[in-house]
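Here is what each chain is made of, one letter per residue.
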Amino acid sequence: MQNDDRLTADLQRHVDDGWTDAQGNAEVLADEIEQLCWDERATQVDWFLWQLGARLVDEDSAEAVIERRRATIVTERSILSYVETAEQTLAAILLRLDANAQRVESDHQCVVYALSPLAVHRAAAEAWIEEHGLDGVAEALHCLPGFAFLSMARSVDDTALTLLARDALWTAMVDH
């Protein structure tokens, strides 16, 4: 119960008007994916991220993210709201699954942790990448368009992860 109170307080601090939706979504998703392997967990959370993006970000703003129009990415309220809600929901899911996560065990888990707003997850993802490289992460991103879009929407910088995400998203768009 104390962990749930901390989660609620964290979500209230970070997510605008829809904090209860983020908390509810995190609770449902965490419960649904708790018994799954990381590949399956990532796929389920990815579906949520994709649906959230479709709901919150209009077509013009989504194009701005994909085309890397930096001015729009940092000023468009729908993009900022999407990133904030997605990151806080992801953090809440990860806290419910494993509050002390310090080790990554697969490329899919690495993608999830790399996009967490929590430093403990990002550090674990960075350690995985340092040891295993980016090839597996790139391959995983090709199956995770929601994570790819989140990666691009949350950063105006062209980091290795955002460039991999852009390639993955373009590939997904061309293939469909």
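The structure this text deals with has already been given above.
Residues numbered from 1 in each chain as written. Predicted model: local features only at pLDDT ≥ 70, side-chain atom pairs only at ≥ 80, totals over all residues. Heavy atoms only, no water.

*Asks:* What am I meant to see in the pattern of salt bridges here?
*Replies:* Taken as a whole, this structure holds 5 salt bridges when the rule is applied. Between D31 and R96 there is a salt bridge, with the nearest N and O atoms lying 3.9 Å from each other. Taken together, the positions of D31 in helix α2 (residues 19-33) and R96 in helix α6 (residues 77-97) put the pair 65 residues apart, joining distant regions of the chain. Taking the relative accessible area as the measure of exposure, D31 reaches 52% and is therefore exposed. Salt-bridge contacts for R70 lead to D158; the nearest nitrogen and oxygen are separated by 2.8 Å. A residue pair is termed long-range when its members are at least 10 positions apart, and R70 in helix α5 (residues 70-75) and D158 in the loop between α10 (145-154) and α11 (160-175) qualify at 88 residues. Taking the relative accessible area as the measure of exposure, R70 reaches 38% and is therefore partly exposed. (Salt bridge = Lys/Arg side-chain N within 4 Å of Asp/Glu carboxyl O. Helix = DSSP H or I, 4+ residues; strand = E, 2+ residues; numbered from the N terminus. Buried < 20%, exposed > 50% of the residue type's maximum accessible area, 1.4 Å probe, protein only.)

*Asks:* Looking at this model, I keep getting lost on the side chain of D46. Mind explaining?
*Replies:* Counting through the fold element by element, D46 comes out in helix α3 (residues 38-56). Lacking a salt bridge, the buried D46 has R154 as its closest oppositely charged neighbour, with an N-O distance of 12 Å. With residues up to four places along the chain from it excluded, the contact list for D46 reads C143, L144, P145, G146 and F147. (Lys, Arg positive; Asp, Glu negative; His and termini not counted. Contact = heavy atoms within 4.5 Å.)

*Asks:* I tried to follow the layout of surface pockets on my own but got confused; where do I start?
*Replies:* One water molecule sets the probe size; rolling that probe over the atoms shows where empty space is left. Approximately 260 Å³ is the volume attributed to the largest pocket. Elements that contribute at least two residues to the lining of the largest pocket include exactly α8 (119-132), α10 and α11. In terms of residue count, α8 provides more of the lining of the largest pocket than any other element does, 4 residues in total. Partitioned by chemical class, the residues of the lining of the largest pocket number 7 nonpolar, 4 polar and 3 charged. (1 Å grid on protein atoms, 1.4 Å probe; cavity = no way out; pocket = protein on both sides within 12 Å on 5 of 7 lines; lining within 4 Å. Points joined across faces, edges and corners; volume = space filled by probe spheres on them. Nonpolar A, V, L, I, M, F, W, Y, C, P; charged D, E, K, R; others polar.)

*Asks:* Sorry if this is basic, but what is going on with the packing of aromatic side chains here?
*Replies:* What characterises a pair of aromatic rings is the spacing of the ring centres plus the angle enclosed by the ring planes. All chains considered together, the criterion is met by 2 aromatic pairs. Taking the ring centre of W38 as reference, the NZ or CZ of R41 above it sits at 4.7 Å. (Phe/Tyr/Trp six-rings, centres within 6.5 Å; stacked < 30°, edge-to-face > 60°. Lys NZ or Arg CZ within 6 Å of the ring centre and 35° of its normal.)

*Asks:* Hey, could you run me through the environment of R55 in this one?
*Replies:* Inspection of the secondary structure puts R55 in helix α3. The exposure class of R55 is exposed, given its relative accessible area of 57%. Spatially, the C-alpha atoms of R55 and Y82 are 8.9 Å apart, while their sequence positions differ by 27 residues.

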